[in-house]
Amino acid sequence: MANRAHRFDSRQSMNGKQFEIFHYRDQKMETVGVHHHDYYEVYFLLGGSVSFQVEGKLFLVEPGDLLLINPQELHQAQVGQNAVYERYVLWLSRSYLEQLGGGQCDLSACFDQAASGHTNLLRPDKVHRAILQDLLKNVNAEFYGEDTDSRLYAQSLLTQFLVEVNRLTRSSVQKSKKAEEPDLISRVLAYIGTHYQDSLTLADIASEFYVSKYYLAHEFSARVGTSVYRYITFRRLMQAKELIASGMTPGAVYQNCGFGDYANFYRAFKAEYGISPREYAAQIDR
């Protein structure tokens, strides 16, 4: 079973409809901007120095750590350049993850940011770290295997891996301390999340939280990795994709996502995803 590292691919879309896995090992890493996916992502660091911004939260990731990213979470990695950067990256479509649970268990629970005590970062002990790493190694090998039963075996190993991650998540939640009072940027992110349909400006948000727009712009960019305006656009576009996927027509979607008119919506959507809203709608397998 081959398990060689892959050449890094900067694409942020899945080629298939189930799952993909990559074993990356880079000496130097190109910067990937703040982005989001239509699928779940599991990131397992094997070596190197990296920090992750996920919806304004900063995670300093250590070798052996797991990072769980929901389709609705904007994120970006900042990679140190002094060590080899090695990791497994696993992508899972929403429908496939639901299918794997077989109606008996919710394997997406570990990604649920609304759950009490949820955290994107898991730090397994030595024993569980070895178990998870070994499972990912074998999933990767079987996924690219040439035997007729390789893909089926990869799916079986993947199910084991996700069960282990969900167990680890439940254990971490039970041990977690009481949540701290959210700071300014956390409150601003939550505010945007519930008001993105409104006509929001930097000045409006700054006034809402009694700070200067210059201070807010600086603090927001430092924490989130992008500007307030860009984040609002991201949030609106993510919701637009959700609505199109649910069957709403692009002509009706922009009115529910805070875009002033269809032309602005069209330009933003095409610039971000490379296709028009109607082309995206045509790709959806209803």
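Above: the structure in question.
Residues numbered from 1 in each chain as written. Predicted model: local features only at pLDDT ≥ 70, side-chain atom pairs only at ≥ 80, totals over all residues. Heavy atoms only, no water.

## Side note on the nonpolar core
One finds Phe19, Leu66, Leu90, Leu92, Leu158 and Phe161 to be the most contacted residues of the largest nonpolar core, which totals 29 residues. Secondary structure elements with two or more residues in this core: β1 (19-26), β2 (40-47), β5 (66-69), β7 (85-92), α1 (94-101), α2 (126-143) and α3 (150-175). Considering each element in turn, this core owes the most residues, seven residues, to α3. Not counting the four nearest positions on each side in its chain, leucine 158 is found in contact with Phe19, Leu90, Leu92, Tyr96, Leu100 and Val139. Judged by nonpolar contacts, the second largest core, of 21 residues, contains Tyr43, Val54, Val61 and Tyr85. (Core = buried A, V, L, I, M, F, W, Y, C linked by side-chain atoms within 4.5 Å. Buried < 20%, exposed > 50% of the residue type's maximum accessible area, 1.4 Å probe, protein only. Helix = DSSP H or I, 4+ residues; strand = E, 2+ residues; numbered from the N terminus. Contact = heavy atoms within 4.5 Å.)

## Digging into the pattern of salt bridges
Oppositely charged side chains can pair when the atoms bearing their charge come close. Inspection of the entire model under this criterion finds nine salt bridges. One salt bridge in this structure joins arginine 123 and glutamate 62, with 3.8 Å as the shortest N-O distance. Of this pair, arginine 123 sits in the loop between β8 (121-122) and α2 while glutamate 62 sits in the loop between β4 (57-61) and β5, and the two are 61 residues apart along the sequence. Classification of arginine 123 by relative accessible area gives partly exposed; the value is 44%. Here glutamate 62 falls in the partly exposed class, since its relative accessible area comes to 41%. Note that arginine 230 is salt-bridged to glutamate 272, the shortest N-O span being 2.6 Å. Separated by 42 residues along the polypeptide, arginine 230 in helix α7 (residues 228-245) and glutamate 272 in helix α9 (residues 262-273) bring together distant segments of the chain. Each of Glu62, Asp65 and Arg123 takes part in a single network of salt bridges with overlapping partners. (Salt bridge = Lys/Arg side-chain N within 4 Å of Asp/Glu carboxyl O.)

## Notes on the packing of aromatic side chains
Summed over all chains, the structure comprises 17 aromatic pairs. Look at phenylalanine 19 and tyrosine 96: their rings are 5.6 Å apart centre to centre, the planes differ by 20°, and that puts the pair in the stacked class. On the criterion of sequence distance, the pair formed by phenylalanine 19 in strand β1 and tyrosine 96 in helix α1 is long-range, its members being 77 residues apart. Since its relative accessible area comes to 4%, phenylalanine 19 is described here as buried. For the pair phenylalanine 269 and tyrosine 273, a centre-to-centre distance of 4.8 Å together with 65° between the ring planes defines the contact as edge-to-face. Placement of the pair is phenylalanine 269 and tyrosine 273 together in helix α9, with a separation of four residues, close to one helical turn. Using a relative accessible area of 0% as the deciding quantity, one classes phenylalanine 269 as buried. When its relative accessible area of 21% is taken as the criterion, tyrosine 273 is described as partly exposed. Here the aromatic cluster, defined as three or more aromatic residues joined through ring pairs, consists of Tyr254, Phe259, Tyr262, Phe265, Tyr266, Phe269, Tyr273 and Tyr280. (Phe/Tyr/Trp six-rings, centres within 6.5 Å; stacked < 30°, edge-to-face > 60°.)

## Notes on the sheet that holds strand β3 (residues 50-54)
Judged by pairing direction, the sheet is antiparallel, and its three strands sit side by side in the order β4-β3-β6 without closing on themselves. Both outer strands of the open sheet, β4 and β6 (75-79), are each paired with one neighbouring strand and no more. Averaged over neighbouring strand pairs, the angle between their axes works out to 20° when direction is ignored. By the bridge criterion, five bridges tie β3 to β4 in an arrangement that is antiparallel. In the strand pairing of β4, phenylalanine 52 is matched with phenylalanine 59. (Pairing = 2+ DSSP bridges. Axes fitted to C-alpha atoms, helices over the stretch in contact; angles between N-to-C directions.)

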